[in-house]
Amino acid sequence: SQYTVPSSALGQAAAMTSSSSQAAAPAEAAVGSGAPGSAPAVAAAATTEGPEKQRASSLIRAGSLTKAASTLGLQRASTLPTEPSELEHAATMPILFDKETVRPCCCGLWKAQQLIGFVLGIGAAALLVGCRPERNYPDANSMLAVAGLCASFWVFEVVPLYITALLPMLLLPLLEVTSSEIVAKAYWNWVSLLVVDILIVSTALERLGVARRLTLKVLLRSGLRRPWELLACFMALSWLLSALVNSVAIALLLTPFAVGLMQGAEEQVRNEHADASGDLEASDSQASTADSENRTALDRRLASVQRLADCLLLGIAYGASAGGLATLTGSVPHDFLAGAPLTAGQVSWGKWLVFGAPTAVVTGLLAFGALWLRYIRASELRALDTQALESEYAAMVTDIGPCSRDEVAVALIQLLQVILLVIRPFVITPAVTTEYGDQLVNDATVATIPVVLLFLIPSTVRPGQALLTWPDFQRRFDFGLLLLIGGALAISSGFVQSGLNVALGGAISQAIPAVPPLVLDIIIVVAVALCSQIFSSIGTAASMLPVLESAAQMAVVNPMSLVLPAMIGTSFAFLLPTATPPNVVVLAMSQDLMRPLRVRDFFLNGLPLTILACVAGAALAHIMGAVVFDAYAPFPEWACDGVVCMWVPISGDVGGTWVDSQACALIDASNGTLCKLWNGTRLDTAPFLNAAWTAD
C-alpha cells in the first residue's frame, strides 16, 4: 500500500509479463543449439544473461506494483473472475470478488481500502452521534450517521452490498430515528413486487435462450461484416435488451460473442500474413526486408483488431447503461423514484418510457459516435470473418435445439407485459376505481398477469411442466437486489422521519430561485453523474432523492423538476471500469483478448461521452419532463404533505401561471409559525389553520 500506481501501470505490468515469457523461449533455443561448453553456447549464454536478469528485475518490480494496485483497489481485468455465475456478483462487488488481491487486514479478510472504509464509516458515525451538529432536528444527526456509515460501506465494499442494505433495519430503531415496523415496510412494497414480476419474465427469456437466439440470428442473418456495422449491431442489441432485461445478464450474454468474433478476426489476420509470407521468393536480403515489412504490417493490423475489440466491448457496456434509461425497471435508481412517498403516485412504467426513451436513444447515439470517432473512423479493417459466430450458433442449436413454441410464447408474454405496463395509466387504472374515484390498480398488478401465464401455459419442450418452473426461477433469482432497493428506500424513509431531508434541503432551497431551470437541470445531472462515478449510483440516488424532494418543497417548486434530472444523471457513469456492473463484466471478459481493457480505455472514451450526455440529458429531461410530468408547472397540491408545506387559498401569479390557491412552505420563527410563498412572501399560518379547523 506504499506505492502510488498510475492507471497505465496495470497494462504495462501485464504487457511486460507477456513479452518476457515470449522472449525467454528464443533465448533458450539459442543457448541449447550448441553442445554444452561449446563456443556458440557459451557466447549465447553470455549474451542472454544480462537481458534475462533485467527482465526478471522488471517483472519483480511490475509484480510489486500490481500487488500494490490490487491492494488499493485499482481494478484490473485479470483480478476479476470469468465464470458467469461468479462474474454476475462481481459486477456489483468487484472489490470483494477480486481473486488476485493482497488482503493484509483483518486476518486476510479485507484489502487496505476496505479497512479504510470501515474506519471512516464507524468514525464519522460516532462523531455525528456524539457531537450532534444539527440542533433543530436532533434525530437528523443519527440519520446522517447511518447514511454516512452505509455510504462508506457501499463505496469501499467493507461487507457485501446486500448486507450493508440491512444496516438501516438494524440501526434506525436502535438510534430512535423510527420504528422497526416503519423501516421494515420499506423492504417490501409494490415497487419490490414490480421488480420481481419483471425478473420472473426475464428469467423465462434467459432460461429458454430467447435473447441468445435473437442475438445470434441478428448478427448472422443481417450480413453485417464491417466494423461500424458490428458496433451498431452490438450496441443496438445491448440497448434494446437492457431496457427489458437485467443489464448484467445482457452484458454476460453479448460479451462472449464479441470476444469470439475478435479472436476469429485475430486468427484471420495471422493466417493472411502467413499466406503472404509463404508466397515470397527472393534473395536473402530482399526476403529479410520483405519479412520486416510484413511483420510491421501484421503488427499494425493486429493493433486494429485490438482497437476494434476494445470498441465492441465498450459499446456493449455503454449500450446497456443507455438502454436502462428507457424504462422504469431498467435501472435500480428508477425504482427509488417510483417508491418514494412523495412521487410514488406520479411515476408509472408507461410514463417513464415516454420520458426516458428519447434520452436513452440520444445517449446511445452519442456513445456510438464517440466510439466511432476514436476507433472505427481510422480502422484498417474492412470486413470480418464471422466463423466464430456461426460455430456459436451451431453449438446453441445443439444445446437447446431449434426455435420452439415455448420461445415464441415467452417472447409474446414479454411483449404483453410491456404493452400492459404502457397502457395501464390510460386504460386499466381509470376503469378500476372505488365509488369515491380512488384508483386501485398500479404497475405491480398488471405486471403480475404475464407472470401467472408463464406458470399456466404448458411447455412443449418439457412435457408435463409449465413454460417456467419455480425451481428454475429460484436458482436464477437475485434476492440481494430486493435488499438493495429496500435498504435505499429505508434510508429515504429515515431522512423524512428524522427531519434530515429538511435540514439538508433548506440549504439547497435557498439557491434554487436564483438559478434558471435549465441551468439547474445541468448542475443536478453533472453533480449526480460525478457522484455515481465515485460512489455507487444506488447510494447516490438513495441519498440525493429525499434531499432534493425536501429542497423542492421548501423552495416551493415542483419536486419533479429536481428529481427527474437526478435520476437521469445516475445512468451516466461511463468514466471508470467499476462505475457500473456492465463495465465490470466487459472488463473481466476482456482477459481473453490479446490485451485486456485498461482504466484509460474507459476514461478516455467516457470523459467526452459523459460531458455530452450530461448536457444532452439535462436538455431532454427539461423538455420531456415538461411534456410528460408537467414538471415546471407551479407547485402541485399532491406534493404538499402538511409537514413541510401547507396549501393556502391565495391566488396570484406563480412562475407565469395564474393560480387560485398555492403552496406555502412552513418556517419556524420565534414569534410563531410562518410560511413562505413561491415569490418569497411570508404569511402567518394561524388564520389558515383556524379556517381549516372551523371547516372540519
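Residues numbered from 1 in each chain as written. Predicted model: local features only at pLDDT ≥ 70, side-chain atom pairs only at ≥ 80, totals over all residues. Heavy atoms only, no water.

Observations concerning the overall build of the protein chain
Item 1. The number of helices and strands found in the protein chain is 27 helices and six strands.
Item 2. Each of the 696 residues in the protein chain was classed as buried or not, and the buried ones make up 49%.
Item 3. Within the protein chain, contacts between residues separated by at least 24 positions form 72% of all contacts whose residues are at least 6 apart in sequence.
Item 4. Carbon and sulfur atoms make up 62% of the accessible area of the protein chain, which amounts to about 30800 Å² in all. (Helix = DSSP H or I, 4+ residues; strand = E, 2+ residues; numbered from the N terminus. Buried < 20%, exposed > 50% of the residue type's maximum accessible area, 1.4 Å probe, protein only. Contact = heavy atoms within 4.5 Å. Areas by Shrake-Rupley, 256 points an atom, 1.4 Å probe, with all protein chains shown as cover.)

Details of the state of the cysteines
Item 1. Per the counting criterion, the structure on display carries two disulfides.
Item 2. Note that cysteine 640 is cross-linked by a disulfide to cysteine 645, the S-S spacing being 2.4 Å. We note that cysteine 640, like cysteine 645, is buried.
Item 3. Through a disulfide, cysteine 664 is tied to cysteine 675; the S-S separation comes to 2.0 Å. Every disulfide takes its handedness from the sign of the S-S torsion; for cysteine 664 and cysteine 675 that torsion is 90°, giving right-handed. (Disulfide = S-S within 2.5 Å.)

A few points about helix 11 (residues 227–244)
Item 1. In this model, helix 11 (18 residues) spans 26 Å end to end at C-alpha, consistent with the 26 Å of a helix rising 1.5 Å per residue.
Item 2. Among the residues of helix 11, those classed as buried are Pro227, Glu229, Leu230, Leu231, Cys233, Phe234, Met235, Leu237, Ser238, Leu241, Ser242 and Ala243. (Expected span 1.5 Å × (residues − 1).)

Looking at the packing of helix 22 (residues 517–534) against helix 24 (residues 560–569)
Item 1. Two elements in contact, helix 22 and helix 24, have axes separated by 8 Å at closest approach and are oriented at 40°. Of the possible angle classes, the one that applies to helix 22 and helix 24 is oblique. Judged by the sense of rotation from one axis to the other, the crossing of helix 22 with helix 24 is right-handed. Where helix 22 abuts helix 24, its residues Leu520, Asp521, Ile524, Val525, Val528, Ala529 and Ser532 lie against Ser561, Leu562, Pro565, Ala566 and Gly569.
Item 2. Per-class residue counts for the contact of helix 22 with helix 24 are eight nonpolar, three polar and one charged. (Axes fitted to C-alpha atoms, helices over the stretch in contact; angles between N-to-C directions. Parallel < 35°, antiparallel > 145°, perpendicular 65-115°, else oblique. Left-handed = near helix turned anticlockwise from the far one by under 90°. Nonpolar A, V, L, I, M, F, W, Y, C, P; charged D, E, K, R; others polar.)

Some points on the nonpolar core
If you look at soluble globular proteins, the nonpolar side chains tend to sit buried side by side.
Item 1. Among the nonpolar cores identified, the biggest contains 167 residues, and Met262 and Phe336 are the most heavily contacted of them.
Item 2. Looking at this core, the element that brings in the most residues is helix 12 (residues 247–278), giving 13 residues.
Item 3. In this view, methionine 262 contacts Val305, Leu308, Ala309, Leu312, Leu384 and Leu593; residues no more than four positions away in its chain are not counted.
Item 4. Leu342, Phe635, Ala663 and Ala665 belong to the second largest nonpolar core, which has eight residues in total. (Core = buried A, V, L, I, M, F, W, Y, C linked by side-chain atoms within 4.5 Å.)

Notes on helix 10 (residues 210–221)
Owing to its 3.6 residues per turn, the α-helix brings residues three or four apart onto one side.
Item 1. Here helix 10 spans 16 Å end to end across 12 residues, near enough to the 16 Å set by a 1.5 Å rise per residue.
Item 2. Buried within helix 10 we find Val210, Ala211, Arg213, Thr215, Leu216 and Leu219.

Examining the pattern of salt bridges
Item 1. Summed over all chains, the structure comprises 11 salt bridges.
Item 2. Linking arginine 213 and glutamate 407 is a salt bridge whose minimum nitrogen-to-oxygen distance equals 2.7 Å. Residue arginine 213 is located in helix 10, and its partner glutamate 407 is located in helix 17 (residues 405–431); the two are separated by 194 residues in the primary sequence.
Item 3. A salt bridge links arginine 598 to aspartate 601; the shortest N-O distance between them is 3.1 Å. (Salt bridge = Lys/Arg side-chain N within 4 Å of Asp/Glu carboxyl O.)

Observations concerning the confidence of the model for the protein chain
Detailed conclusions should not be drawn from predicted coordinates in areas where pLDDT is low.
Item 1. Mean pLDDT for the protein chain: 79, with 81% of residues reaching 70 or above.
Item 2. Of all helices and strands in the protein chain, the one with the weakest mean pLDDT is helix 1 (residues 7–32) (38), whereas helix 15 (residues 349–376) scores best (94).
Item 3. Residue range residues 1–73 is modelled with pLDDT below 50. Its contacts to residues more than four positions away, or to other chains, number 58 contacts. (pLDDT = per-residue confidence, 0-100.)

Observations concerning the side chain of glutamine 417
Item 1. Take glutamine 417: it is sitting in helix 17.
Item 2. In this structure glutamine 417 comes out as buried when scored by relative accessible area, which is 1%.
Item 3. For glutamine 417, the side chain forms a polar contact with the main-chain oxygen of aspartate 197, separated by 3.5 Å.
Item 4. Within polar-contact distance, the side chain of glutamine 417 engages the backbone oxygen of alanine 447 at 3.2 Å.
Item 5. In this structure glutamine 417 touches Asp197, Ile198, Val201, Ala447, Pro450 and Val451, once residues within four positions along its chain are discounted. (Polar contact = N/O pair within 3.5 Å; in protein donor to acceptor, adjacent residues only side chain to side chain.)

Here's the deal with the packing of aromatic side chains
We describe a pair of aromatic rings using the distance from one ring centre to the other and the angle between the two ring planes.
Item 1. With the rule as written, the count across this model stands at 10 aromatic pairs.
Item 2. One aromatic cluster is present, built from ring pairs that chain together Phe455, Trp470, Phe473, Phe477 and Phe479. (Phe/Tyr/Trp six-rings, centres within 6.5 Å; stacked < 30°, edge-to-face > 60°.)

Things to note about the environment of alanine 274
Item 1. By secondary structure assignment, the location of alanine 274 is in helix 12.
Item 2. Look at alanine 274 and you get partly exposed, because its relative accessible area is 46%.

Points about the packing of helix 9 (residues 190–208) against helix 17
Item 1. Between helix 9 and helix 17, the least distance of the axes is 9 Å, while the angle of their chain directions is 155°. Between helix 9 and helix 17, the angle is such that the two are roughly antiparallel. Crossing of helix 9 against helix 17: the hand is left-handed. Counting all contacts with helix 9, which are made through Leu194, Asp197, Ile198, Val201, Ala204, Leu205 and Leu208, the residues of helix 17 involved are Asp406, Glu407, Val410, Ala411, Gln414, Gln417 and Leu421.
Item 2. Considered class by class, the residues forming the contact of helix 9 with helix 17 number nine nonpolar, two polar and three charged.

As for the environment of histidine 273
Item 1. Its location among the elements puts histidine 273 in helix 12.
Item 2. Along the backbone, histidine 273 and arginine 301 are 28 residues apart, and their C-alpha atoms lie at a distance of 9.7 Å.
Item 3. With near-sequence residues (within four places) excluded, histidine 273 lies in contact with Asn294, Arg295 and Leu298.

Considering a nonpolar patch on the surface
Item 1. A surface patch of nonpolar side chains, amounting to about 640 Å² of accessible area, comprises Val408, Leu412, Leu415, Ile419, Ile423, Phe426 and Val427.
Item 2. Looking at the element boundaries, leucine 415 is found in helix 17. (Patch = residues over 30% accessible without salt bridge, like charges linked within 9 Å, V, L, I, M, F, W, Y side chains within 5 Å.)

A look at unusual backbone geometry
Item 1. Even without being a glycine, glutamate 157 presents a positive backbone phi close to 50°.
Item 2. Given the relative accessible area of 6%, glutamate 157 is considered buried.
Item 3. Non-glycine residue glutamate 176 carries a positive phi angle of around 65°.
Item 4. Along the chain, the position of glutamate 176 falls in the loop between helix 7 (167–174) and helix 8 (180–186).

Overview of the side chain of aspartate 310
Item 1. Its place among the elements puts aspartate 310 in helix 13 (residues 284–324).
Item 2. Leave out the neighbours within four places in its chain, and aspartate 310 touches Tyr375, Arg595, Leu597 and Asp601.

Details of the environment of isoleucine 428
Item 1. Its location among the elements puts isoleucine 428 in helix 17.
Item 2. Taking the relative accessible area as the measure of exposure, isoleucine 428 reaches 22% and is therefore partly exposed.
Item 3. For isoleucine 428, the residues in contact, after removing those within four places along its chain, are Leu420, Ile423, Val441 and Val446.

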